[in-house]
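If you want the building blocks of each chain, they are given just below.
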Amino acid sequence: MALAIALVVIVVATVAFHFASPWWFTPIASNWGLVDDTILITLVITGAVFVAVNLFIALAIVRFRHRAGHRAAFEPENRRLEGRLTLLTTAGIVAMLAPGLYVYSQMIAAPDDAAQVEVLGRQWQWRFRFPGADGRLGRTDVRYVSADNPFGVNPDDPHGRDDVLVASPELHLPLGRPVALLLRSHDVLHNFYVPQFRVKMDLVPGLVSRFWLTPTRAGRFEILCAELCGLAHYNMRGHVVVEDEAAFRAWLAAQPTFAALR
Amino acid sequence: MSDRDLHTEPHSFWTKYVWSQDHKVIAIQYSLTAIAIGLVALVLSNLMRLQLGFPGAFDFIDPGRYYQYVTMHGMIMVVYLLTALFLGGFGNYLIPLMVGARDMVFPFLNMLSYWMYLLAVLVLVASFFVPGGPTGAGWTLYPPQAILPGTPGTEWGIVLMLVSLVIFIVAATMGGLNYVTTVLQARTRGMTLLRMPLSVWGIFVASILALFAFPALFVSGVMMLCDKLLGTSFFMPAIVSMGQPLAHGGGSPVLFQHLFWFFGHPEVYIVALPAFGIISDLISTHARKNIFGYRMMVWAIVAIGGLSFVVWAHHMYVSGMNPYFGYFFATTTLIIAVPTAIKVYNWTLTLWRGDIHLRVPMLFAIGFISTFVIGGLTGLFLGNVSVDIPLSDTYFVVAHFHMVMGVSPILAIFGGLYHWYPKITGRLLDERLGKLHFWVTFLGTYAIYMPMHYLGFLGMPRRYYAYEGYEFIPASAQDLNAFITVAALVVGVTQLVFLFNLAWSVRHGRPAGANPWGATTLEWQTPHTPPRHGNWGATMPEVHRWAYDYSVPGAARDFIPQNVPQEAGAGGEGPVWGGQV
Amino acid sequence: MSLLAALAVKPWLPQPPDPGRAAPRAPAAAVGLRVLLGVIAMLFALFAIALLVRARLPDWQALPWPATLWLNTGLLAASSVALQFASGSARHGRERGLRGALAAAAALALGFLAGQGWVWAQFVAAGHFVASHPAASFFYLLTGLHGLHLAGGLVALGWAAAGLAREGPGERSARRVALCATYWHFLFAVWLVLFALLASSPGTLVALGSAVGMHSH
Ligand code: HEM
Ligand SMILES: [Cu+2]
Ligand SMILES: [Cu+2]
C-alpha cells in the first residue's frame, strides 16, 4: 500500500516539479524554434505515458494487493489488447519521429546563401576564421601549423591570403543572416555548443564537420565545449556576440587578415 | 547432459571453493568480485558528487582526479559490475538450475572464465597505482584524446584499461559460450524453448549479444593499443598536440566511435535483457499470476536483441559522421521502443488481477518498472535525432542513462538477490533491513536523477569538473546540485545496510525451506537447499508444463511447479508439495 | 520442429511429450565450437570493415605482395586437407593414417606460421614497419591475430593427440579430431578473406567499401 502511495506521490511531485522548476531551456536565440517544439511534443507524449504507467501500477497495487482468500486470475495472453497497445505505441512513436525527422532534414540543409565561418578548436581555446573579400576560405593542413600560422592555412593558396583571423575566443555574427559553421580541430575532439542556439556539433581532427543556424536575438552568449577534451574541458570558454550588420562589419574590419599577419 | 555421469563431488576446501568448477560456486565468486569492484565505483561516484555539490570544498579532487573518477566509475559500473553480475553471477547460478542441468556444459571453461575476469579486475585496479594514475578519458575512451597529453592517465592508465578490457572480453566469451550452449544443449527432458522462464530467455539472448558485440570493443581496443604503443594511425589523424606535431596521420577518430558504439549499444541490452527476464519472473511469482503475454515477451526479447545491433550511431548524432545516417538510426532507435513498451505493458498487466504480495523482491521489481519507464521514455528524446542535438552531452543524458542502465538494472539485481538468496544460502534476507534498503534506494534515486533532467534542459554539459562563471546557469542550479549530492550520499551509505544484510543473514537469517515464495520454476524444486553439487541428486527432473502455472483455475494450490505432471496439476486434488518431487 | 514453430506454440496448453527428445542432440562441444566460430567470424569481419573504412582515407597505399604468401596459403590449405584426412581416418578407425595425418597437419600449420614470420621479416627488411603506413599496420595486426588463433588451434590439436595417445582411437578421439578439422577449415577460410583484402589494390578496397554502403566518413 505504501508503494501505491509512493508512486502517486512521485507522479504528483514530478508534475509539480516540472511546472515549478526554475531550471528550463535558455531563451532561444536562433531559428531552431522547431527543435523546441519537437521537444515539447515529445515531453507531452512521454509525460503522459509516465503518469499513466505509474498510476496504473498504483491502482493495480491498491485493487489487487494480497488479501486472505484472494486469488489471481489466469490470463496467459490477450492478443487483442496486446495488438491495440502495440498500435497505440506505434502511433505515439510516429507522432514524435515524424516532426523530429522533418526538423532534422532542415538542420542538415544549409541555405545556399549562408555565410561561412570556420571554428577552430584546440586544447583549450577557440579561434575563428572568416573568408575574406573573395568569399572563400583558404585551404588548410595541419602540416602548416606553427606559431605564426595557428590555423595552418596553406600559404600558397591565394584564397587564404585575405582570410580574416580572429585570435580571441570571441566570435561576432550578424543578426538574422544564416551562417554555416565549419568546424575543425588540431588535436582532440571538441564540441561547439551555445545553449541558446540549440544546435551543437563535434570538432574532429582530420575532418571538417558543420552545422548552420540563423541568429535571431542580439546579445552575448557563452560558447561551451561539450565533448570531453582533457583537463580543462570544463573551462574551454568563448563567446558569441550577435549584433546588427553594421556593428558586425566594423568588428570584422578591425580583425587582421592572414596576409597581414605574415 | 541429463545422462551425463555426476562428476564426483569435490572435497578439499580448495577444489570446493577456489578452483571450483561448480556453476553455483563460480556464480558466487563472480558476484562477490563484481560487488566488491562495484563498491569502488560507488565510492568514486560519491566523490564526484561531493565536488559537484560543493565545488572546491574537497581540494584533493582536482580536475584530473575528477575525470579519472568519471571514467573509472562509468567503466566499472557498466562492464565490471553489471555485465559480470548479470551474466557471470545470475547467468551462472540460474541457467543450469532453471533449465534442469547438472552444471554448465563446459565446467572447466567456466572456471577459467571467472579467473580471467578476476585478472581483468586486478589489472583495472592496478591502474590506480601506476604513475599518472588511471585513465581520465571518459568511459568511451575516445581517441585521440584518450592517448594524448592533456588527459590524465595517458602514460599507463589507458594501457592498463585497454588490456583489462581485452582480458575481460576473453572471460566474457568463455562464459558466453557456456551459457548459450548450456541453454541450447543441456535442457532437461520436457524443457522446450517456450517453457523456459523469462530469466533464462533474457540471459540467453544477452549472452548472444555479448558474444557478438564484445568483439567490436576488442577490435577498437586492440587498434587503439597499437596506436598508443606502436605508433600506428588507425584512429589518429595528423595532429598538433600542445604545439607539437605528432608522427601520426590519416586515421579516423570517427571509426573508433562506430566500433565502440557497435559494442556500446548492445551493451545496454546485455544489461537490460537479463533485468527484463528477472523482473518478469519476480513479478509473476509475487503476483501469483502467470506472466501476461509470455510469447510476446519472448519475441520482444529476441526482437530487441536483434534490433540492438542496428541502432548504434544514435550515440553519434553530433560526432561529425555523415549526417544522412541520422535518419536511419533515429528510425531504428524509435522502432525498438515498440517491443520495449510491450514489455512494460505486460508487466503492468501481470499485476492487474493478480494477488500481489509486496515482499521485498516485489518492491524492487515494481521500483524497476517505474525507473525503467523514465529511462525508456527519455531515450525517445535522445534517439530522435533533432531532439537529441540540443540535449546530447548534457545532464539530460546523464539522468537518462543512469535511470535506464544504472538504477533500474541495479534494482533488478537487488530484487533478484532478495529473491534467490534463500536458494543460495538456505536463509532469507532480513525483511526489515530489506525494506529500509528499498525505500531509501528507490526514493533516493528519484531524488537524484529526476531533477537532473532539468539541469540538462537548462543546458548544463556533462563531464564538467565545475560550472563557475557560466552566466546562463542560475545560482539556484548549484543549490540543486548540492541537494542531489546529499541524496547520492544517503543512497550510497544505505548500500552498507544491504551488505550487512547479505553477510549477517548467511548465519542468522530465517531458514527459508526449499521454496519460500511458492515458485514454479525448477530451481526451487531441487532435492536440497542450497542445491548440492550436481543439483538434482540421483534423478533428473522432468518438465511437464510452462514456468507460469500460477493460480491455475481448479488447482488446489496457487502454483504448480514445472516438474509436476499435467494430469496431477489439472485435477482438483493437488500432489504432494514442498519441492521434493 | 523448426525454430519459428517452436517459438509459436502456446506453452500454457498441454504439449505432446517433448518431441525434441526423440532425436539425440548434437554433442555440446560441436555446438560450442560453432558458436565460437561465429564469434571469431564477427571479430575478423569487424576488422575487415575497419580496414575498408581506413582504406578510403587518402594516405592508404598498397602493400607489396611477396610470393611467400602464396606458398603459405598452400601450406595452410594442405594442413587443412591433412586434418580432414585425419578426421576421416579417425572415424573409420584407421589408426596409422590418423597419426600420420595429424603429424602432417601440425607440421604444415607450423610451416604456415613460420612462413608468416618470414614474410614479417621480409617486410621489416624492406622498410614496411608496423607504423609505416596503414596497410602495413593492418597486415601485421591481422596476420598476427590469425596466427594466434592458429596457435590456439595447435594447442587444441595437441590435446586431441594426447587424448589419442592416452585412450587410443575411438569415438571420443574421432570427435576431437573432427572439431579440430572444422576449426582448421574455418581458419583457412578466414585467411583467404584476409589475403584477398590485404592484397587488393586501393581502388578495389574503395569499391568494396562503397558496395557495402560506406560514405565519406
Ligand atoms: C548512487 C549511484 C550513482 C551515482 C551517485 C552516480 C553518479 C555519477 C556521476 C556524478 C557521474 C559523472 C557525471 C559527469 O560529470 O558527467 C556519473 C557518470 C556515469 N555513471 Fe554513474 N552514478 C551512480 C550509479 C551508476 C550506475 C549504477 C551505473 C551503471 C550503469 C552508472 C554509470 C555511469 C556512466 C556510464 C557514467 C558516464 C561516465 C562518463 O561520462 O564517461 N552510474 N555517475
Ligand atoms: Cu572539451
Ligand atoms: Cu544506444
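## Let's talk about the pattern of salt bridges
Side-chain pairs of opposite charge can arise where the charged atoms are in close proximity. On inspection of all chains with the given rule, the structure shows 23 salt bridges over all chains. Residues Glu-95 of chain C and Arg-99 of chain C are paired through a salt bridge, measuring 2.5 Å at the closest nitrogen-oxygen approach. Taken together, the residues Glu-95 of chain C and Arg-99 of chain C, both in helix 4 (residues 95–125) and 4 residues apart, mark about one turn of the helix. For Glu-95 of chain C, a relative accessible area of 34% corresponds to the partly exposed category. Residue Arg-166 of chain C is joined to Glu-167 of chain C by a salt bridge in which the shortest nitrogen-to-oxygen separation is 3.5 Å. We classify Arg-166 of chain C as exposed; its relative accessible area is 60%. Here Glu-167 of chain C falls in the partly exposed class, since its relative accessible area comes to 37%. Through salt bridges with shared partners, a single network forms among Glu-118, Arg-129, Asp-163 and Arg-184 of chain A.

## Some words on the environment of Phe-248 of chain A
Residue and element names in this part refer to chain A. Tracing the chain through its elements places Phe-248 in helix 5 (residues 245–253). Residues Phe-248 and Ala-13, 235 residues apart in the sequence, show an inter-C-alpha distance of 47 Å. Setting aside anything within four residues of it in sequence, one finds Phe-248 in contact with Phe-130, His-172, Leu-173, Pro-174 and Glu-243.

## Comments concerning the confidence of the model for chain C
Residue and element names in this part refer to chain C. Taken residue by residue, chain C gives an average pLDDT of 91. The fraction at 70 or more is 94%. Confidence, expressed as mean pLDDT per element, reaches its minimum in chain C at helix 1 (residues 3–6) with 83 and its maximum at helix 2 (residues 28–54) with 96. Here the predicted complex scores 0.95 on pTM and 0.96 on ipTM.

## Digging into the coordination of the copper ion (ligand 3)
Residues and elements named next belong to chain B. Protein ligation of the copper ion (ligand 3) involves His-265 (ND1), His-314 (NE2) and His-315 (NE2), the donor distances falling in the range 1.6 to 2.0 Å. Of the residues examined, His-265 reaches a relative accessible area of 6% and is grouped as buried. Residue classification places His-315 among the partly exposed positions, given a relative accessible area of 32%.

## Side note on the interface of chain A and chain B
Opposite the 98 residues of chain A that make contact, chain B presents 120 residues. When chain A packs against chain B, close to 9100 Å² is buried across both sides, 69% of that on carbon and sulfur atoms. One can count 3 salt bridges joining chain A with chain B. Here Glu-75 of chain A makes a salt bridge to Lys-289 of chain B, at a shortest N to O gap of 3.1 Å. Where chain A meets chain B, there are 34 residue pairs in polar contact (both at pLDDT 80 or more).

## Considerations on the site of ligand 1
Residues and elements named next belong to chain B. In the vicinity of ligand 1 lie 23 residues, with Tyr-66, His-73, Trp-139, His-402 and Arg-463 positioned nearest. At 2.7 Å, a side-chain N or O of His-402 approaches a nitrogen atom of ligand 1. Measuring from an oxygen atom of ligand 1, one finds a side-chain N or O atom of Arg-462 at 2.8 Å. Those elements that place two or more of their residues in the shell around ligand 1 are helix 2 (23–53), helix 3 (63–99) and helix 12 (395–425). The biggest single contributor to the shell around ligand 1 is helix 3, with 7 residues. When residues of the shell around ligand 1 are sorted by domain, at least three fall in each of domain 1 (23–182) and domain 3 (358–511).

## Points about the coordination of the iron atom of ligand 1
Residues and elements named next belong to chain B. For the iron atom of ligand 1, the full set of protein donor atoms is His-73 (NE2) and His-402 (NE2), at a range of 1.9 to 2.0 Å. Taken together, the 6 donor atoms surrounding the iron atom of ligand 1 define angles of 88 to 179° at the centre, an arrangement classified as octahedral. Taken together, the positions of His-73 in helix 3 and His-402 in helix 12 put the pair 329 residues apart, joining distant regions of the chain. Owing to a relative accessible area of 11%, His-73 belongs among the buried residues under this scheme.

Procedures and definitions
Residues numbered from 1 in each chain as written. Chains lettered and ligands numbered in written order. Predicted model: local features only at pLDDT ≥ 70, side-chain atom pairs only at ≥ 80, totals over all residues. Heavy atoms only, no water. Salt bridge = Lys/Arg side-chain N within 4 Å of Asp/Glu carboxyl O. Helix = DSSP H or I, 4+ residues; strand = E, 2+ residues; numbered from the N terminus. Buried < 20%, exposed > 50% of the residue type's maximum accessible area, 1.4 Å probe, protein only. Contact = heavy atoms within 4.5 Å. pLDDT = per-residue confidence, 0-100. Donors = N, O, S within 2.8 Å, 3.2 Å for Na, K, Ca; no water. Buried area = accessible area lost by both parts, 1.4 Å probe. Polar contact = N/O pair within 3.5 Å; in protein donor to acceptor, adjacent residues only side chain to side chain. Near = heavy atom within 4 Å. Domains from an automatic or database assignment. Tetrahedral: all angles 85-135°; square planar, octahedral: opposite > 155°, others 65-115°.

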